[in-house]
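Coordinate inspection notes
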Amino acid sequence: MKRPTVWIPRRLSDATLERAQADYDCIINWEDGLSSADDLIAMSAKVDAVIPCHSEHFSAEVAAQLDSRLKIIANHSVGVDHCDLPALKARGIAVTNTPDVLSDATAEIAMLLMLGAARRAVEGDALVRSGNWKVWSPSFMVGKQVTGARIGIIGMGRVGRAFAEKARGFGMDIHYYNRSRLDPDLEQGATYHDSIDSVLAVSDFLSLHCPATPETTGLMNADRFALLPDGAVMVNTARGALVDEAALIDALDSGKLAGAGLDCFVTEPGGNPRLSAYQNVFMLPHIGSATVSTRDAMGFRALNNLDAFFAGQTPGDLL
Ligand code: DGY
């Protein structure tokens, strides 16, 4: 039987590409550039499957024009806000993602951002690098202590729980909002809030871990920032769409926020140039899952989903 043809539009890990090529006829974008909507549509006539990242946007408009040859979109990401799921389903195209395997790596980056924003890492690093570090004083670069502080987590899925586990190591008092309350074995003593507004009121630190959906777009808006305790620190490793960036900047200007740690932006790649002026904002370029072992695990999980699909089984991560 002819092997399925798979398009890999981004440069996935070597181990992933090796395994993909061993099992499928692959068309690989070795240059790793971004694909336009027209590219996605054109390639769909040449392949049976695609392994995209969150950078390839399968909008409703694209979905409507995909060739009927394309049978499965096996995402190399847990987030699927770049895929219009109802539109793809209507076209009979299977869609999978890669949950679980990136939770720890993403939670690590959330910890890094929280610590960096709270302890003034951007400012301190810049000062030492500039060669202008001339004085030391006990009142110099005093930050906000993480250990023992209250943290609010919005979205207690896999990443939220991995982050909570790490926060427990810092003795943090964990509060969370989730669409449904977790079982006690998963909650592990964290305090459940049945509304976002309620959890914000106790979030001296706040970390966002929910998916971007029409309901969560702009979740952190001016009204919600106002609910935070003064001098809070917000971390976003989920999706830029969750935060109204103009409201975030206002909250930084007013001192409502003492700092922010951001791995995600409304505009990616690129970020928000207005945020560059703020030394109390620690920013990274969407690298939550960027470790060698996690990239391999994501690639293998996407391939497991393809293998199941082409073996006539239901992929483990079918959405
Ligand atoms: C994800 O998996 O959703 C990460 O944001 C990387 O794409």
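Okay, so let's go over this structure. Everything numeric in this text was worked out from a predicted model, so none of it was measured. (Residues numbered from 1 in each chain as written. Predicted model: local features only at pLDDT ≥ 70, side-chain atom pairs only at ≥ 80, totals over all residues. Heavy atoms only, no water.)

**As for the site of the ligand**
The ligand sits among His-54, Ser-77, Val-78, Gly-79, Leu-102, Arg-239, His-286, Ser-289 and Met-298. A distance of 2.9 Å is found between an oxygen atom of the ligand and a backbone nitrogen or oxygen belonging to Gly-79. Here Arg-239 contributes a side-chain N or O atom positioned 2.8 Å from an oxygen atom of the ligand. With the chains in place, 89% of the 230 Å² that the ligand exposes on its own is no longer accessible. In terms of residue class, the shell around the ligand is made up of 3 nonpolar, 5 polar and 1 charged. (Near = heavy atom within 4 Å. Polar contact = N/O pair within 3.5 Å; in protein donor to acceptor, adjacent residues only side chain to side chain. Areas by Shrake-Rupley, 256 points an atom, 1.4 Å probe, with all protein chains shown as cover. Nonpolar A, V, L, I, M, F, W, Y, C, P; charged D, E, K, R; others polar.)

**Here's the deal with helix 5 (residues 103–118)**
Its 16 residues place the ends of helix 5 22 Å apart at the C-alpha level, agreeing with the 22 Å of an ideal helix rising 1.5 Å per residue. For helix 5, a buried count of 12 out of 16 residues is recorded, marking the element as mostly surrounded by other parts of the structure. Regarding helix 5, the residues found buried are Ser-103, Ala-105, Thr-106, Ala-107, Ile-109, Ala-110, Met-111, Leu-113, Met-114, Gly-116, Ala-117 and Ala-118. (Helix = DSSP H or I, 4+ residues; strand = E, 2+ residues; numbered from the N terminus. Expected span 1.5 Å × (residues − 1). Buried < 20%, exposed > 50% of the residue type's maximum accessible area, 1.4 Å probe, protein only.)

**Side note on the packing of aromatic side chains**
All told, the structure shown has 3 aromatic pairs when counted by the stated rule. Residues Tyr-24 and Phe-310 carry aromatic rings whose centres are separated by 6.0 Å and whose planes lie at 55° to one another, so their mutual orientation is tilted. Separated by 286 residues along the polypeptide, Tyr-24 in the loop between helix 1 (14–23) and strand 2 (25–28) and Phe-310 in helix 12 (residues 292–310) bring together distant segments of the chain. Where Tyr-176 meets Tyr-192, the ring centres are 5.2 Å apart and the plane angle is 50°; that geometry is what we call tilted. Within this pair, whereas Tyr-176 is found in strand 7 (residues 173–177), its partner Tyr-192 is found in strand 8 (residues 191–193), the two being separated by 16 residues in sequence. Tyr-192 sits in the partly exposed class, given a relative accessible area of 22%. These aromatic residues form a ring-pair network of at least three members: Tyr-24, Phe-309 and Phe-310. One residue, Arg-19, lies across the ring of Phe-300, its end atom 4.8 Å from the ring centre. Lying over the aromatic face of Phe-205, Lys-144 brings its terminal NZ or CZ to 5.3 Å of the ring centre. (Phe/Tyr/Trp six-rings, centres within 6.5 Å; stacked < 30°, edge-to-face > 60°. Lys NZ or Arg CZ within 6 Å of the ring centre and 35° of its normal.)

**Things to note about the packing of helix 5 against helix 7 (residues 158–169)**
At a closest axis distance of 8 Å, the pairing of helix 5 and helix 7 adopts a crossing angle of 55°. With respect to helix 7, the axis of helix 5 lies oblique. The two elements helix 5 and helix 7 meet at a crossing, and its hand is right-handed. Along the contact surface, helix 5 presents Ser-103, Asp-104, Thr-106, Ala-107, Glu-108, Ala-110, Met-111 and Met-114, while helix 7 presents Arg-158, Val-159, Ala-162, Phe-163, Lys-166 and Ala-167. (Axes fitted to C-alpha atoms, helices over the stretch in contact; angles between N-to-C directions. Parallel < 35°, antiparallel > 145°, perpendicular 65-115°, else oblique. Left-handed = near helix turned anticlockwise from the far one by under 90°. Contact = heavy atoms within 4.5 Å.)

**Here we look at the sheet that holds strand 1 (residues 5–8)**
Note on sheets: strands pair through backbone hydrogen bonds, and any given pair is parallel or antiparallel. Ordered in space as 2-1-3-4-5, the 5 strands form an open sheet in which the pairing is parallel. Either end of the sheet is taken by a strand with one partner, and the two such strands are strand 2 and strand 5 (94–96). As defined by bridge partners, strand 1 adjoins strand 3 (residues 49–50) across 2 bridges and the pair is classed as parallel. In the sheet register, Trp-7 faces strand 3, and the bridge partner there is Val-50. (Pairing = 2+ DSSP bridges.)

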